[in-house]
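Here is how the chains run, residue by residue.
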Amino acid sequence: MTDAVAAQLLDALSARLEQPDLEYVEPLERLTGGYYTDNRSFRVNARDPNWSARLVLRLFPREGPPEQVRREFLVQSALTAQGFPVPNVLWCEEQVDVVGRRFLVMEFLDGRSPMGGAEFSAVLRAFPWLVVRMPTALARTQAALHELSVGELTDAPDGLSFGVDRWLDVLDDAAASGAPELEEAARWLRANRPTERRLAICHGDLWPGNLLVERGRVTSVLDWSVATVAEPALDVGFTAMGLTIAPIEAGPRVEAVILRQSRWMCRRYVKAYRSLTGADLAAQPYYEALRCALELIHVVEHRRALTNGVERDAPTPTWDVASDRMIEYFESRTGVRLQLPKRIVR
């Protein structure tokens with residue numbers, strides 16, 4: 001697939017930049033850490049200086065919503081305009097016929113992820129940073145993000161909604177089609193939605209794997225696929241859910257240790273965010289439950305696809321290994337007990 005995509009991308013870039021002699025200086029190279037998307041770095045001999053630096057091709061799964069590429073482009077453009085550390089998007093392609101998938105081309109920013117993935121080995125490598133710096137780094141990054149203007153996104157550009165209604169609609173649609181196991185969850189979340197007091201741009205999936213750090217400074221925040229305009233409690237709740245569940249598969253004893261440490265770090269993170277912002281986080285448990293239900297959509301769809309022999313571009317959801325913990329987590333915050341299809345290991 002890489003050779004075909006590389007050739008198609010080069011042809012498309014050559015036409016877009018009106019440069020027939022365009023060639024790769026650095027060929028497409030897979031970047032680690034991506035889960036939902038397939039990310040590749042590359043460099044071409046473009047005469048336009050904006051296109052001659054190292055760039056990133058972000059390929060989206062065919063199963064993804066058609067408008068998802070546009071969403072990320074709009075969010076990153078709004079953040080770039082306000083000086084927040086995100087890659088500048090040079091090309092947003094919403095059609096699949098250019099390279100076979102929808103994609104973004106954006107600048108490559110310096111820095112390394114403190115955690116290259118959610119695997120046990122990645123956790124071990126990043127453990128000192130996770131324990132010492134991660135809670136404060138996440139809190140400071142979110143606090144800075146939540147101070148930015150939401151004006152460019154609240155007016156529903158291109159008819160897109162960035163609010164919480166979007167996620168409740170996603171849950172309703174999933175419950176009505178591919179994930180009927182989540183019908184009661186969707187009903188509870190819509191009936192118990194809190195009143196929002198202050199709106200902010202929320203990342204929605206802020207964890208160490210979506211940060212680039214250089215010399216102790218966050219140089220970039222990546223992956224804006226679930227960005228939402230909502231009260232800050234949504235962002236804190238979404239992050240807290242991820243840290244508390246810690247979707248790591250490493251054997252019962254090791255998992256128990258990781259979970260204890262991760263929950264301790266989560267408490268430190270929330271405390272740091274409160275100290276920095278003084279934000280009202282009364283609705284945090286609701287948003288923890290909301291993210292839990294949203295991640296379970298992918299788990300259910302993945303398991304049904306395996307059962308039915310359906311091939312998908314999207315990889316196995318990270319949360320598939322933690323579904324039992326997620327069921328308990330959701331019930332503790334809502335009183336609703338979910339039943340999922342059985343996990344299939346291949």
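Structure first, text after, so check above.
About the criteria used
Residues numbered from 1 in each chain as written. Predicted model: local features only at pLDDT ≥ 70, side-chain atom pairs only at ≥ 80, totals over all residues. Heavy atoms only, no water. Buried < 20%, exposed > 50% of the residue type's maximum accessible area, 1.4 Å probe, protein only. Helix = DSSP H or I, 4+ residues; strand = E, 2+ residues; numbered from the N terminus. Pairing = 2+ DSSP bridges. Axes fitted to C-alpha atoms, helices over the stretch in contact; angles between N-to-C directions. Contact = heavy atoms within 4.5 Å. Expected span 1.5 Å × (residues − 1). Salt bridge = Lys/Arg side-chain N within 4 Å of Asp/Glu carboxyl O. Parallel < 35°, antiparallel > 145°, perpendicular 65-115°, else oblique. Left-handed = near helix turned anticlockwise from the far one by under 90°. Nonpolar A, V, L, I, M, F, W, Y, C, P; charged D, E, K, R; others polar. Lys, Arg positive; Asp, Glu negative; His and termini not counted. Polar contact = N/O pair within 3.5 Å; in protein donor to acceptor, adjacent residues only side chain to side chain.

Trainee: Sorry if this is basic, but what is going on with the pairing of strand β2 (residues 38–44) here?
Mentor: Within a regular strand, side chains alternate between the sheet's two faces. Of all seven residues in β2, six are buried; the element is thus mostly enclosed. Relative to strand β3 (residues 55–59), β2 runs antiparallel, the two being bridged by five bridges. Bridging across to β3, Asn39 finds its partner in Arg58.

Trainee: Just checking my understanding: could you explain the sheet that holds strand β4 (residues 89–93) for this structure?
Mentor: Picture the strands of a sheet paired through backbone hydrogen bonds; they go either parallel or antiparallel. In spatial order, the strands read β1-β2-β3-β5-β4; together these five strands make up an open sheet with antiparallel pairing. What marks the edges here is a single partner per strand, and that holds for β1 (24–30) and β4. Strand after strand, the sheet turns through a mean of 15 degrees between neighbouring axes, direction not considered. In the packing of helix α3 (residues 68–81) onto the sheet, the strands contacted are β3, β4 and β5 (103–107), and the crossing angle to β4 comes to about 160 degrees.

Trainee: I keep staring at helix α9 (residues 232–245) and nothing clicks. Help me out?
Mentor: Side chains that are three or four residues apart share a direction in an α-helix, a result of its 3.6 residues per turn. Helix length check: α9, at 14 residues, gives a terminal C-alpha distance of 20 Å against a target of 20 Å (1.5 Å per residue), a fit within 8%. Of all 14 residues making up α9, 14 are buried, and the element is well covered by its neighbours. Ala246, located one to two residues past α9, shows a positive phi value of around 45 degrees.

Trainee: Looking at this structure, I do not really get the pattern of salt bridges. What am I missing?
Mentor: Side-chain pairs of opposite charge can arise where the charged atoms are in close proximity. Here the structure, examined in full by the defined rule, presents 22 salt bridges. Salt-bridge contacts for Arg47 lead to Asp21; the nearest nitrogen and oxygen are separated by 3.4 Å. Taken together, the positions of Arg47 in the loop between β2 and α2 (49–52) and Asp21 in the loop between α1 (2–17) and β1 put the pair 26 residues apart, joining distant regions of the chain. Overall, Arg47 belongs to the exposed group, its relative accessible area being 57%. Of the residues examined, Asp21 reaches a relative accessible area of 43% and is grouped as partly exposed. Shared partners join several salt bridges into a network, and the residues in it are Glu26, Arg43 and Arg54.

Trainee: Explain the packing of helix α7 (residues 164–176) against helix α8 (residues 183–191) here, please?
Mentor: Any two packed helices are characterised by how steeply their axes cross, that is the angle between the axes, and by the distance between the axes. Where α7 contacts α8, the two axes come as close as 8 Å, and the packing angle between them is 155 degrees. In terms of axis orientation, α7 runs roughly antiparallel to α8. Taken as a pair, α7 and α8 cross one another with a handedness that is left-handed. In this structure, α7 contributes Leu168, Asp169, Leu171, Asp172 and Ala175 to the contact, and α8 contributes Glu183, Ala186, Leu189 and Arg190. Of the residues in the contact of α7 with α8, the class split is five nonpolar, no polar and four charged.

Trainee: Teacher, can you tell me more about the packing of helix α5 (residues 134–145) against helix α10 (residues 252–277) here?
Mentor: Direction vectors running N to C along α5 and α10 enclose 40 degrees, while the axes themselves pass 8 Å from each other. Between α5 and α10, the angle falls in the class oblique. The two elements α5 and α10 cross, and the hand of that crossing is right-handed. Contacts between α5 and α10 involve Met134, Pro135, Leu138, Ala139, Arg140, Gln142 and Ala143 on the former and, on the latter, Met265, Arg268, Tyr269, Ala272, Tyr273, Leu276 and Thr277. Its residues placed into classes, the contact of α5 with α10 shows ten nonpolar, two polar and two charged.

Trainee: Quick question: what am I supposed to make of the side chain of Arg102 here?
Mentor: Assignment of secondary structure puts Arg102 in the loop between β4 and β5. Buried Arg102, no salt bridge; nearest opposite-charge side chain is Glu94, N-O distance 6.8 Å. There is a polar contact of 3.1 Å between the side chain of Arg102 and the backbone oxygen of Glu94. Among residues more than four places away in sequence, those in contact with Arg102 are Arg58, Leu59, Phe60, Arg62, Gly64, Pro66, Val69, Glu93, Glu94, Gln95 and Val96.

Trainee: Please clarify how the side chain of His146 should be interpreted in this entry.
Mentor: Within the element layout of this structure, His146 appears in the loop between α5 and α6 (151–154). Residue classification places His146 among the buried positions, given a relative accessible area of 1%. Apart from residues lying up to four places away in sequence, His146 is in contact with Arg198, Ala200, Ile201, Cys202, Pro232, Asp235 and Tyr273.

Trainee: I keep staring at helix α11 (residues 284–308) and nothing clicks. Help me out?
Mentor: Taking 1.5 Å of rise per residue, 25 residues should cover 36 Å, and α11 covers 37 Å from first to last C-alpha, within 8% of that figure. Here α11 lies mainly inside the structure; 19 of its 25 residues are buried. Two residues or fewer past α11, Gly309 is found with a positive phi of approximately 70 degrees.

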